[in-house]
Every structure is written in C-alpha cells, then in structure tokens.
Amino acid sequence: YACKHIHHKGISERDMTGLYNRPFVEQFEETPLLVAVLTYVGYGILTIFGYLRDFLRNWGVENCHVARERDEQKDFVPLYQDFENFYTRNLYMRIRDNWNRPICSVPGAKMDLVERTSKDYNWTFEHTGKVVKDVINMGSYNYLGFAENTGRCADNATGSTHKYGVGVGSTRSEMGNLDIHEELEQLVARFLGVESSMAFGMGFATNSMNIPALAGKGCLILSDELNHASLALGARLSGATIRVFKHNNMVSLEKLLRDAIVHGQPRTHRPWKKMLILVEGIYSMEGSIVRLPEVIALKKHYKAYLYLDEAHSIGALGPRGGGVVDYFGLDPKDVDIMMGTFTKSFGAAGGYIGGKRLIDYLRSHSHSSIYATAMSPPVSQQIITSMKIIMGEDNTTLGAERLKQLSENTTYFRRKLREMGFIIYGNNDSPVVPMMLYMPAKIGAFGREMLKRNIGTVVVGFPATPIIESRARFCVSAAHTRDMLDTVSHRSETRSIMCSKYLEEHKYCLNSGVGVLEGRPHSAITMVEQQAQI
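Calculation criteria
Residues numbered from 1 in each chain as written. Predicted model: local features only at pLDDT ≥ 70, side-chain atom pairs only at ≥ 80, totals over all residues. Heavy atoms only, no water. UniProt positions renumbered as here; feature names shortened; annotations may be inferred. Helix = DSSP H or I, 4+ residues; strand = E, 2+ residues; numbered from the N terminus. Buried < 20%, exposed > 50% of the residue type's maximum accessible area, 1.4 Å probe, protein only. Contact = heavy atoms within 4.5 Å. Areas by Shrake-Rupley, 256 points an atom, 1.4 Å probe, with all protein chains shown as cover. Polar contact = N/O pair within 3.5 Å; in protein donor to acceptor, adjacent residues only side chain to side chain. pLDDT = per-residue confidence, 0-100. Pairing = 2+ DSSP bridges. Axes fitted to C-alpha atoms, helices over the stretch in contact; angles between N-to-C directions. Expected span 1.5 Å × (residues − 1). Phe/Tyr/Trp six-rings, centres within 6.5 Å; stacked < 30°, edge-to-face > 60°. Lys NZ or Arg CZ within 6 Å of the ring centre and 35° of its normal. Core = buried A, V, L, I, M, F, W, Y, C linked by side-chain atoms within 4.5 Å.

Going by an unreviewed UniProt entry, the protein carries the name serine C-palmitoyltransferase and comes from Oncorhynchus tshawytscha. Recorded in UniProt for the protein, the comment headed Subcellular location (unreviewed entry) runs: "Endoplasmic reticulum membrane".

This is how it looks when you write it as structure tokens:
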C-alpha cells in the first residue's frame, strides 16, 4: 500500500512515508478468479430466471407484488426504473428476510428480536408472537456501548425530557434554539479542538444539505470512490463539477489535483473557484481508514480545502476518542471542515460540523439549519453526557476504559478471524470488520445460519458493494465481552458447516460459505459452491 509517485514537482514518496508516526496496515485481498467467475455465473442464472418469472407474470401465471404502472399508464414515461424493479422482485426478495428485522429491546451488546415468518417468499411477513432472546448484536454501530437504557446517559436524558419535553416544534433560527443546543455545540467544539461547531438533527442531512452551501458552480469536488451516499448526494446537489479518485489512493488524488490546476475549468480553462476534497474517516463497507496525513499534505501543497466525514471514526479511534485526527496525532486546524455524526459512538442521533470561520456562514446558508426542526432535547442531552464521559469530564475513568476496551476487542476479534482463515478487509484498528462471502447464495445463507445460532449480523451485497465482493460486516463494540466475541467466531463453525470439502492439492476450502483458507491466514482462496436456495 506504499505510495509510489511519478512526481513532477509534486510530493515525493519519501515525503509521504515520513508523515506517519505509527504503522499503517490495511489488507484487501483480490477476489480469486474462479470465485469471480462463479459469482458472475450465479448472478447470470438469477437474471435468467428473473426474466422467466417476469414472462410468467405478464401472462398471469405468477403474481407480481411489486409497485408498477397501471395498464392505462403503459404509454406514459415509466415512473419506476426498470432495472431497480427487476432487481427488487427477482433478487432482493429472495433474501429480504435478512434485513429490517424488528428489535424489541435496547440494541446493546445483546438484543431481542421479534420472530417473523413469510408465507409468500418474503413479500410480506407475519409475527409469530415469539421473541428470540439474547441475540449477540454484531451489526449496530454501538462502538462505545452507549446504546443503553440504564446508567448516567439514560438518567440525564430522562431528566431533560421532563424539563424540555421531547420535541421542539421549530427551527433553530426561529423558536427552537434551546440553551442545551448551545451547550452541545460548545462542547463539540472543545472535543474536536476547533473554534466552533454546529449540530444538526440528522446525520445524512448534515452532509447532503451542507455541501451545497460550501461549493457550487465553478467549484471542483474531488470525492473518494467509496464515499457514503450522503456525500455523493451533497456533491451532486451543489452543482459543482465532481471528479472521483480511487479509494484511498493518493497517486490518483494528486493526479486529479494537478490536472485541475493545469487545465482549469472545462472549455474556459479559468481557474477553479475552489477545490474541495471529500473523504471519510472510516469507510463503513471496507473497514479502511483514510490516509489523512497524506491527504492533508496534498491539500496544503495544491491549495485545496478538506472536508472530513468522521461518522464512524469519531469516538471510535484515537487515544482520546477524537477520530482519525486524534488517531494520527494531527492538528485539527489542518482540516477545514470536520463533520461527524452522533448516531454511532454516542448512542444518539444527528450530526455536527466543526471548523474555523464557517459556522456563522452555515447558520444562514445551510438548508439543514434554516428549514429543519431543531434537535430533540433528550437526544442533545444523551450526546452531552456521553461526550463528557469520553472526555473524562464526569470525574470518572469510564470513558478511557471504554476506549481501551474497544481497541482491545477490535484487535482480538480481527486476529481471531484471521487465525481461523477468514478473509478480512480493512485496517487493523478499525472496529468495522468486513468478512468476505463473495457469492450471492452466501449472503442469505450466512445471515440465516448466524441467526439460528443467536448471532445478529449484517450481510451486504450488490449494489451496496461490487458485484463480486459480497460480505458480512461485523461491528465491534466496547460492550462486547471476550466470551461474546469467542462465541461469534466459534459458532461460525467453519469446519462443519461452512467447509464441507477440501482440495488437498492446493489446500483450498471448497463448498464454503465464506472465504476460508485452512492454515494460511490472509490469503485469498478459491470456492466452488452452488446452493440450490439463495
């Protein structure tokens, strides 16, 4: 993963490698060729059967439950996109039972799920009246374990509800600006080490509604190819020109920066009004950490602005829980716009933006500030209490203990899975742990088998990931005990359930439910499984 620049008055490789004061290790295996071929074949078979079923639906042989235009509108411009509808009714519906499972408890380290069943192949669900108890929660972004209904956070949020009520009923600029909101923003600014900050009621809107206020026509946005949908939407709504660089690839980013300066705007070749780099702290599908020291070096060298989304990294990285800036020991002032959410490490909702002298500008220009209802008071109090615990301002060591526990759990769980031979993506310090499944049949099978063993996890496939890189995603929490993590790894039962046949010549694990290579951790392997049921 070393940066090898062909540099012409750019930043040399020596300059880049000298920016790190700690080892930076990330692992991304290439999909084995046979696995890729079989995955494409699997999707091809599903597509063929999908067209066959659509043919039967058109002739009334099979019922179609998905939304579609009425017969009298058949000559209109289609209201629904054809491929998205096709994918939903023929591929997604087969494994829909792995998502939107109703939870009837606090989504902490363990949770209770409402049992449900489907009699029409996942088009509709019925509750059985039973509850699946004590499911180990490996899917929630509860990094520091603040998703709880007892303790100081819950007590303070309850007190805030009694004092302020639940809703505000107005925007911040009108009658919805409470003293608790201003206390929250001052605390966030102090936590981040910036001049000021601004809080919003929705994390997604923090990106999608504020980026258009920061960039517009005549501006250039340089976006990582794996940025979250909120960043992509905000960039598109801004009207700025968008160029995408390869994920965490500083050579690709520097080339785009250099070309932007040399060529300027299209047709007129005038200089860009501003260049804005969009990156995330931790990428939630890859488990990778942004190469922030290099990004900052490039943005300084080429006079660009940096927008850092720390939705998953704030509270989860760094010795103080200050995110990737704290993790790399950098100066917060080197990041022009610091964005993050309260939905993960703080067990709340909403987002924030922190920076230098842009907050006053956003208060009068951000759609999310002018038109959105102010944050709920108990949610604000939950953030204040949890953030003070992390900062140690509650006169206890609970925050430091949780940060240490999260780091230890992350290291232990990643090492445990690799020792078992699983193919794991991402950075060694990232609490987001993607485990590769590859083939479409494994998405549904893995999620169902894990739930049978009282483990709730997230399975992800196309279009959220590349078509040949389906995966299960574990989110490690400080609330997880060592026994829970051992249970998750052991109940995967790779030898008896996920691996039923071996090819001794290459020691490849065949017919596996996940990518496993016996005796050779970190290595990509070949899998040739085809399941009758997806």
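What follows continues from the structure just given.
**Q** Mind showing me how you'd approach the overall build of the protein here?
**A** Helix and strand counts for the protein come out as 18 helices and 19 strands. Within the span of the protein, comprising 534 residues, buried residues form 53% of the whole. Across the protein, every contact between residues at least 6 apart in sequence was considered, and the portion connecting residues at least 24 apart equals 68%. Total accessible area on the protein stands at roughly 25,000 Å², and carbon and sulfur atoms take up 53% of it.

**Q** Is there a simple way to explain the side chain of serine 238 in this structure?
**A** By the secondary structure assignment, serine 238 is in helix α8 (residues 229-238). Looking at serine 238, its side chain comes within polar contact range of the main-chain oxygen of alanine 235, at 2.6 Å. In this structure serine 238 touches Ile211, Pro212, Ala215, Gly216, Lys217 and Ile221, once residues within four positions along its chain are discounted.

**Q** Is there a simple way to explain the confidence of the model for the protein in this structure?
**A** Interpretation of the predicted coordinates at a detailed level should be avoided for regions scoring low in pLDDT. The predicted model of the protein has a mean per-residue pLDDT of 86, with 87% of residues at 70 or higher. Per-element mean pLDDT across the protein ranges from 28 in strand β18 (residues 501-503) up to 98 in strand β7 (residues 275-280). This stretch, residues 1-9, has a pLDDT under 50; its non-local contacts, to residues over four places away or in other chains, come to 20 contacts. In the model, residues 494-534 has pLDDT below 50 throughout and makes 114 contacts with residues more than four positions away in sequence or in other chains.

**Q** Would you mind showing me how to read the UniProt feature "transmembrane region" (unreviewed entry) in the protein here?
**A** UniProt marks residues 33-52 with the feature "transmembrane region" (unreviewed entry), using the numbering shown here. Helix and strand shares over residues 33-52 are 100% and 0% respectively, and the end C-alpha atoms of the span are 29 Å apart.

**Q** Can you walk me through the sheet that holds strand β14 (residues 432-438) in this structure?
**A** Two modes of strand pairing occur in sheets, parallel and antiparallel, and in both the strands are linked by backbone hydrogen bonds. A sheet is described by the order of its strands in space; here three strands give the open sequence β14-β17-β16, paired in antiparallel fashion. Either end of the sheet is taken by a strand with one partner, and the two such strands are β14 and β16 (458-460). Sheet twist, expressed as the mean angle between neighbouring strand axes with direction ignored, is 25°. Summarising the sheet, β16 and strand β17 (residues 470-475) pair through three bridges and their orientation is antiparallel. Of the residues in β17, the one forming a bridge with valine 458 is arginine 473.

**Q** Which parts of the structure should I look at to understand helix α4 (residues 152-164)?
**A** One turn of the α-helix equals 3.6 residues, which is why residues spaced by three or four share an orientation. In this model, α4 (13 residues) spans 18 Å end to end at C-alpha, consistent with the 18 Å of a helix rising 1.5 Å per residue. Directly after α4, the chain includes glycine 165, whose backbone phi takes a positive value near 90°.

**Q** Would you mind going over the packing of aromatic side chains with me for this structure?
**A** One pair of aromatic rings is described through two measures. These are the centre distance and the angle between the planes. Taken as a whole and assessed by the stated rule, the structure comprises 13 aromatic pairs. Measuring from centroid to centroid gives 5.7 Å for phenylalanine 24 and phenylalanine 328, while their planes differ by 35°, and the two rings are tilted. In this pair, phenylalanine 24 is assigned in the loop between α1 (13-17) and β1 (26-27) and phenylalanine 328 in helix α11 (residues 324-328), connecting sequence segments 304 residues apart. Both residues of the pair, phenylalanine 24 and phenylalanine 328, belong to the buried class. Taken together, the ring pairs in this structure connect Phe191, Phe342, Phe346 and Tyr352 into an aromatic cluster. In this arrangement the basic side chain of arginine 482 is found over the ring face of tyrosine 412, its NZ or CZ atom lying 4.0 Å from the centre.

**Q** Explain the sheet that holds strand β12 (residues 351-355) here, please?
**A** Here we have seven strands laid out as an open sheet, ordered β4-β12-β11-β10-β7-β5-β6, and mixed in their pairing. The two strands at the open ends of the sheet, each matched to only one other strand, are β4 (196-200) and β6 (241-245). Within this sheet the neighbouring strands show an average axis-to-axis angle of 20°, counted without direction. Sheet analysis places strand β11 (residues 337-341) next to β12, joined by five bridges and oriented antiparallel. Its bridge partner lying in β12, glycine 340 is registered against tyrosine 352. Across the sheet, helix α9 (residues 250-263) lies against β5 (220-224), β6 and β7, angled at about 150° from β6, the strand it touches most. Sheet strands in contact with helix α10 (residues 292-301) are β7 and β10 (305-309), and its direction is about 155° off that of β10.

**Q** How should I be thinking about the nonpolar core in this particular structure?
**A** Across soluble globular proteins, you tend to see nonpolar side chains buried next to one another. Of all hydrophobic cores here, the largest spans 91 residues; its most connected members are Leu257, Ile277, Leu292, Phe342, Phe413 and Phe474. Per-element accounting of this core gives the leading share, seven residues, to helix α5 (residues 179-192). With residues near it in sequence (within four places) discarded, phenylalanine 342 still touches Val188, Ala199, Gly347, Ala348, Ala349, Gly350, Gly351, Tyr352, Met375, Ile383 and Met387. Counting residues in hydrophobic clusters, the runner-up holds 20 residues, among them Leu231, Leu278, Ile353 and Ile359.

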